[in-house]
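Now for the letters of each chain:
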Number of protein chains: 2
Amino acid sequence: MNVLARYLIESFFPLEQAAEFIAGEQSSGTFVPVPGETDELKQKFRARVVSLQELSPLNRRPLPGAIDPSGDERLHAGEAIIAWPLHNFGPSIPNLLAAVAGNLFELRELAGIKLLDLELPPEFAERYPAPKFGVEGTRRLMGVEKGIMVGTIVKPSIGLTPEQLRPIVRELVEAEIDFIKDDELMANPPYSPLAERARVVMEEIERGAQRTGKRTMYAFNITGDLDELRRNYETIVSAGANCAMVCINLVGFAGLNYVRSFSEVPIHGHRTMIGALMRHPALGIDFKAYQKLARLCGADQLHCGGMKNKFYETDEQIRQSIEAVRHPLFGGYSCLPVLASAQNVTTMHVTWQRLRTDDLLVVAGGGIHAHPGGRAAGVRSLRSAWKAAVAGVPLEEAARNDPDIAQALDRFAAV
Amino acid sequence: MNVLARYLIESFFPLEQAAEFIAGEQSSGTFVPVPGETDELKQKFRARVVSLQELSPLNRRPLPGAIDPSGDERLHAGEAIIAWPLHNFGPSIPNLLAAVAGNLFELRELAGIKLLDLELPPEFAERYPAPKFGVEGTRRLMGVEKGIMVGTIVKPSIGLTPEQLRPIVRELVEAEIDFIKDDELMANPPYSPLAERARVVMEEIERGAQRTGKRTMYAFNITGDLDELRRNYETIVSAGANCAMVCINLVGFAGLNYVRSFSEVPIHGHRTMIGALMRHPALGIDFKAYQKLARLCGADQLHCGGMKNKFYETDEQIRQSIEAVRHPLFGGYSCLPVLASAQNVTTMHVTWQRLRTDDLLVVAGGGIHAHPGGRAAGVRSLRSAWKAAVAGVPLEEAARNDPDIAQALDRFAAV
C-alpha cells in the first residue's frame, strides 16, 4: 500500500535525478551509504518515482542554496509522482508529513519544490473518520435546505466588547442571516472574554430563534493552546453554541483532529497563515493536498478564499480550491467551502458563473456591515444578487428593481 | 504592553504605506471602513509602525499577485518594526500568530513579507514556563559535565526492526556515546513498533550504564496526533526512556506545548518541514522568531542545522540560528542547540571556530555509522577532532597521531 504524492520540482540536476533525490532523502537519508542499508531494506522501504512529466522551465529564480553541478544555469522543471510505502510511517498525518514533506524543502539539489497533491490509501479513512456535519449537517443546523448560505464576520475585527457586539448580532439575527463568525483575530482576548461573548451572542441568537424560527449559526473562535481549545470549546457549547472555529495552521492538523475528537458541533476551519505555505509557486504545500488533510482531521467547513478577493490568488486558483473541497474524498468527507475576503454584492455573479453550485458559504464582512441600508439590507442584497446570478439576470439589471442591490452596487462597485 | 515584530517587507507601494497595510489588515481588516470602527477603538487596538528602515531593493522577483499601483515596477524593500497591543490577543502563541503573521503573507500589497523576529512582553513568560532541562539538565542526564556532546541518528533512517537496531545501539552505548536519536522518519511504524523499540533500546542502554556508568540519552520520536503523543510518551517513559523527540512543525507549537505540559524528560525539538516556512528569503517566518516560540513551548534541545551540511543554509545563517538559541530569552529559557545533517570529523573545526562554545549537541549519522573503523571509532574521532579544534591543532595534524581521525578524514573529506 502506497501514498502517492505529486510534486512540482525545479532543479539544476536532470529531472530524473532530482526526483530520485526526493525519494532517497526520505528513506536512507544520510550523506554517505551506511552499514545495514541492504538491498532488501531498500527494496521494501525506498520511495519510488512513479511518473515524471517534464515542463518547460519557468521564468523563475531558483530558491537560495540550489546547487548547479554543471554550472550551465539550466533549470529543469517538471511534475513527479512518488510512491511512499505506507508501512514506512502508518496512517498518521504528522508522520505522513515527515516523509512526503519533511526535509525536502531544504534540499540543495532542488531549486524549487512544492507538494501539489496526495492520494492516500484507505487506511487513512479508517484512522480519520469523516467530518461529522459537512455540507448536509451544516445546512440542517442552519435551517437552509437549499440555496447559497450567507454569512458575515464580526467587524471591526478587534476591539468590540461583548456588549458592543450585542446590537450587531441582534441586527444580523433579525435579518435571519445564516451564519456569523468571529474574526480570526478575536479568540479569547481580555476585551472580549469568550465566556462573556458566548453568553451575549447566544442570548441574541436564541431570542431571534424564538421570534423567527431561524437559528443563526455562530462560529466562535476557540483557537489556542490545547488546554484552551478544550476549555474554550466547553465554554461555548455550554452557552449553547452550535459551531466552533479553529485556525488550523495555528494549532496544527493535530490540534484540529483533537477538536474533532470531542466536538459535537460543526468545526469551521480557518486557514489563516496559509500564505506562508502556499504563496510561492515553487515552495511549500498546495491547497489541493492541504484540504484533504484538513478534511481528514475533521473540518466541516473550510476557507478557500473568495472570488475577486483582496488577497493574492486568482479567481481560477480559488475555483480550483473550492472544486477540490467539493470533490469526494474516499467517496465522502463532505466539507462546505467557505468563501471570504472582500465578498459583496459584486462578487456573487462571478462566483455562480465559475462554480454553478449553491453548496457554498459566502462570508461577507464589509459587504454586509458597510451596506448603506444597514446590515439587514446587506444580507438581503447578497441573497438577491445570488438569485439574480442563478437566474441569469445581470447585476445592473437586478439593481433596477432592488434598492438593496442598487445601494450595495453604488457603495462597493468602486472599491 | 506590546509585542514588537520585525518584518522584511517588499512592495510596489512606498515602504511606509506597505507597513501600514500590515498594521491595518490585522486590526480592522476589511476592504471598506465599517460602522463601529471608531477613532477610540483604533487608538486602543490598532497596531503601530514603530520604525522603518529602507533597504536597497533586492534583485528578487515579487511574490505572485503583488500589485503595482503606479506601474513603474519599482520594488521598495525595507525592515519594519510593528507594535501589536498585547490586549488584542493575550499571551497565547496561537493567537499571537494570528495577529503578527496570519493573513499578512497573502496581501497583494506586499511583494515579499517575512516575519524576522519577535520581542515578547513578560506575560508570555508567565504563561509559558521555561524548558524543564535546557543545557544544564541535558548535561546532567547525559553525565557530560563539560565539553561538546556527541550524538548520532539511527541509520538507515527507516526499515530497521528493533532487533536489527539492538546491536547498533549496543555498539554505540559501548562507545559511551552521549546521545542517540530516532530518525524523524521513524516514529511508531509497523516495522518498528515504538513499545518494542523502546524496550530493546532501553535494555541496551541500561546494560551499558551498569557496565560503564555512562547512561546514553536516547530521543524516541513520539511525533503523532495528540492521542499518539501522550500514548507514545507513556510508552517510552515506562520503558525507562530519558528523552522524547517531537517534530515541532508536524504537531504545531500547540502540540509541543502539550508535550511539555506532562513531560518529565527533556524534549528534543526537531524542525523538519521548516524549509517550507523559511527557505524563501522574502516569505514566511525566520528562525530567529521561530526558535523563541519553540523555547516558550518547552523545547529543551532544538535543531539549528549544522555547519557544512547538506541543506540550503549557509554556515553564517546556521551560526546565527545557533547564537539565537543560545541567547537568553527573558533571561533564561535555556535550550541546547542541536547540529545535524552531514556532520562528521571534517565539520568540527569550522563549528568550533564559528561558535567558540562547547554547549552544543553534534549529531552525526553517516559520520559515525559509516566510519571505516566502526561506530566506536566514529564517536572517538568526533571527540578527538573537537579537542583538536579547541586546542587550535589543525585536523590534518591531529590525524597524524590519531588513526580514528585519519580514517574518518580519508572516508569523509571527499564526500
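Residues numbered from 1 in each chain as written. Chains lettered and ligands numbered in written order. Predicted model: local features only at pLDDT ≥ 70, side-chain atom pairs only at ≥ 80, totals over all residues. Heavy atoms only, no water.

1. A closer look at the relation of the copies chain A and chain B
Then comes step 1: Mapping chain A onto chain B calls for a screw motion: a turn of 180 degrees about the axis and a shift of 0.0 Å along it, with 0.0 Å RMSD after fitting. Such a combination of rotation and displacement between the chain copies is what one expects of a two-fold axis. Among all residues of chain A, the one whose C-alpha sits closest to the rotation axis is glycine 252 of chain A, at a distance of 2.4 Å.
Then comes step 2: The share of interface residues of chain A whose copies in chain B are also at the interface is 100%, consistent with both copies meeting through the same surface. (Least-squares fit on C-alpha atoms with pLDDT ≥ 70 in both. Contact = heavy atoms within 4.5 Å.)

2. Remarks on the environment of cysteine 304 of chain A
All names here are of chain A.
Then comes step 1: By secondary structure assignment, the location of cysteine 304 is in the loop between β11 (301-303) and α12 (315-326).
Then comes step 2: Given a relative accessible area of 0%, cysteine 304 falls into the buried group.
Then comes step 3: A C-alpha to C-alpha distance of 7.6 Å links cysteine 304 and alanine 340, two positions 36 residues apart in sequence.
Then comes step 4: Excluding residues within four positions of it along the chain, cysteine 304 makes contact with Arg271, Phe287, Glu313, Ile318, Ser321, Ile322, Val325, Pro337 and Val338. (Helix = DSSP H or I, 4+ residues; strand = E, 2+ residues; numbered from the N terminus. Buried < 20%, exposed > 50% of the residue type's maximum accessible area, 1.4 Å probe, protein only.)

3. Some details on the pairing of strand β9 (residues 267-270) of chain B
Residues and elements named next belong to chain B.
Then comes step 1: Here β9 shows a buried face lined by Ile267 and Gly269 and a second buried face lined by His268 and His270.
Then comes step 2: The handedness of the strand β8 (residues 244-247) to β9 crossover, carried by helix α9 (residues 248-262), is right-handed.
Then comes step 3: Inspection of the sheet shows β9 paired to strand β11 (residues 301-303) by two bridges, in the parallel sense. Its bridge partner lying in β11, histidine 268 is registered against glutamine 301. (Right-handed = clockwise from strand over helix to strand, strands pointing away. Pairing = 2+ DSSP bridges.)

4. Here we look at the side chain of asparagine 232 of chain B
Then comes step 1: Summarising the element assignment, asparagine 232 of chain B is placed in helix α8 (residues 226-238).
Then comes step 2: Leaving out residues up to four positions away in the same chain, asparagine 232 of chain B has contacts with Asn188, Leu194, Ile222 and Thr223 of chain B.

5. Things to note about the state of the cysteines
Then comes step 1: Counted under the stated rule, the structure contains zero disulfides over all chains.
Then comes step 2: Cysteine 297 of chain A forms no disulfide, and the closest cysteine sulfur to it belongs to cysteine 335 of chain A, at a distance of 12 Å. (Disulfide = S-S within 2.5 Å.)

6. Here we look at the pairing of strand β5 (residues 149-153) of chain B
Residue and element names in this part refer to chain B.
Then comes step 1: Counting buried positions over the five residues of β5 gives five, a clear majority of the element.
Then comes step 2: Burial along β5 is two-sided: the face carrying Met149, Gly151 and Ile153 and the face carrying Val150 and Thr152 are both buried.
Then comes step 3: Of the pairings in the sheet, the one linking β5 to strand β13 (residues 361-363) comprises three bridges and is parallel in character. Paired with valine 150 across the strands is valine 362, a residue of β13.
Then comes step 4: Note that β5 and strand β6 (residues 179-181) share three bridges and pair parallel. Residue glycine 151 lies in a different strand from β6, and its bridge partner there is phenylalanine 179.

7. Describing the sheet that holds strand β2 (residues 48-55) of chain A
Residues and elements named next belong to chain A.
Then comes step 1: A sheet is described by the order of its strands in space; here five strands give the open sequence β2-β3-β1-β4-β10, paired in mixed fashion. Each of the sheet's edge strands pairs with one partner strand only, and the pair in question is β2 and β10 (283-285). Pairwise comparison of adjacent strand axes, ignoring direction, gives a mean angle of 20 degrees for this sheet.
Then comes step 2: Strand direction decides the pairing type here: β2 and strand β3 (residues 76-85), joined by seven bridges, are antiparallel. The partner of glutamate 54 across the bridge, within β3, is glycine 78. (Axes fitted to C-alpha atoms, helices over the stretch in contact; angles between N-to-C directions.)

8. Section: helix α3 (residues 93-100) of chain B
Then comes step 1: Counting buried positions along α3 of chain B gives eight out of eight residues, so the element sits mostly inside the fold.
Then comes step 2: Once α3 of chain B finishes, glycine 102 of chain B follows within two positions and takes phi at roughly 40 degrees, a positive value.

9. Some details on the nonpolar core
Then comes step 1: Counting residues in each nonpolar core, the largest one holds 288 residues, and the members touching the most others are Tyr7 and Trp84 of chain A together with Tyr7 and Trp84 of chain B.
Then comes step 2: Among all residues touching tyrosine 7 of chain B, those that are not within four sequence positions of it are Ile22, Gly78, Glu79, Ala80, Ile82, Trp84, Val100, Leu104, Ile113, Lys114, Leu115 and Leu116 of chain B. (Core = buried A, V, L, I, M, F, W, Y, C linked by side-chain atoms within 4.5 Å.)

10. What about the interface of chain A and chain B?
Then comes step 1: Each partner contributes to the interface: chain A provides 97 residues, whereas chain B provides 97 residues.
Then comes step 2: A combined buried area of about 8200 Å² lies between chain A and chain B, and 59% of that area is made up of carbon and sulfur atoms.
Then comes step 3: Counting every contact that joins chain A to chain B gives six salt bridges.
Then comes step 4: Residue glutamate 228 of chain B pairs with arginine 127 of chain A through a salt bridge whose shortest N-O separation is 3.5 Å.
Then comes step 5: Counting across the chain A and chain B interface gives 28 residue pairs in polar contact (both at pLDDT 80 or more).
Then comes step 6: Those elements that place two or more of their residues in the side of chain A that touches chain B are α2 (39-45), α3 (93-100), α8 (226-238), α9 (248-262), α10 (274-278), β10, α14 (366-369) and α17 (403-412) of chain A.
Then comes step 7: Its residues assigned to classes, the side of chain A that touches chain B comprises 47 nonpolar, 33 polar and 17 charged. (Buried area = accessible area lost by both parts, 1.4 Å probe. Salt bridge = Lys/Arg side-chain N within 4 Å of Asp/Glu carboxyl O. Polar contact = N/O pair within 3.5 Å; in protein donor to acceptor, adjacent residues only side chain to side chain. Nonpolar A, V, L, I, M, F, W, Y, C, P; charged D, E, K, R; others polar.)

11. Notes on the environment of leucine 75 of chain B
Residues and elements named next belong to chain B.
Then comes step 1: Structurally, leucine 75 is set in the loop between β2 (48-55) and β3 (76-85).
Then comes step 2: Residue classification places leucine 75 among the buried residues on the basis of a relative accessible area of 12%.
Then comes step 3: In this structure the C-alpha to C-alpha distance between leucine 75 and tyrosine 191, which are 116 residues apart in sequence, comes to 53 Å.
Then comes step 4: Excluding anything up to four places from it in sequence, leucine 75 contacts Glu10, Ser11, Phe12, Pro57, Arg60 and Ala111.

12. Here we look at the domain arrangement of chain A
Residue and element names in this part refer to chain A.
Then comes step 1: On domain assignment, one finds that chain A holds domain 1 (2-127) and domain 2 (134-412).
Then comes step 2: Using C-alpha coordinates to define each centre, domain 1 is positioned 36 Å away from domain 2.
Then comes step 3: Each partner contributes residues to the interface: domain 1 has 21 residues there, and domain 2 has 18 residues.
Then comes step 4: Our count for the domain 1 to domain 2 interface comes out at one salt bridge.
Then comes step 5: The salt bridge partner of lysine 292 is aspartate 117, with a shortest N-O separation of 3.1 Å. (Domains from an automatic or database assignment.)

13. Notes on the pattern of salt bridges
Residues and elements named next belong to chain B.
Then comes step 1: Counting across every chain of the model gives 56 salt bridges over all chains.
Then comes step 2: The shortest N-O distance in the salt bridge between glutamate 204 and arginine 166 comes to 2.9 Å. Pair noted here: glutamate 204 is in helix α7 (residues 194-212) and arginine 166 is in helix α6 (residues 162-174), with a separation of 38 residues, a long-range link.
Then comes step 3: The class for glutamate 204 is buried, based on a relative accessible area of 2%.

14. Looking at the sheet that holds β3 of chain B
Residue and element names in this part refer to chain B.
Then comes step 1: The strand order β2-β3-β1-β4-β10 describes an open sheet built from five strands, whose pairing is mixed. Two strands lie at the open edges of the sheet, namely β2 and β10 (283-285), each paired on one side alone. Taken over all neighbouring pairs, the strand axes of this sheet differ in orientation by 20 degrees on average, direction set aside.
Then comes step 2: Of the pairings in the sheet, the one linking strand β1 (residues 2-11) to β3 comprises 10 bridges and is antiparallel in character. Within β3, the residue paired with isoleucine 9 across the bridge is glycine 78.
Then comes step 3: Against the sheet, helix α1 (residues 15-25) touches β1, β2, β3 and β4 (112-119), its axis set at about 35 degrees to β3.
Then comes step 4: The sheet contacts of α3 involve β1, β3 and β4, and relative to β1 the element is tilted by about 40 degrees.

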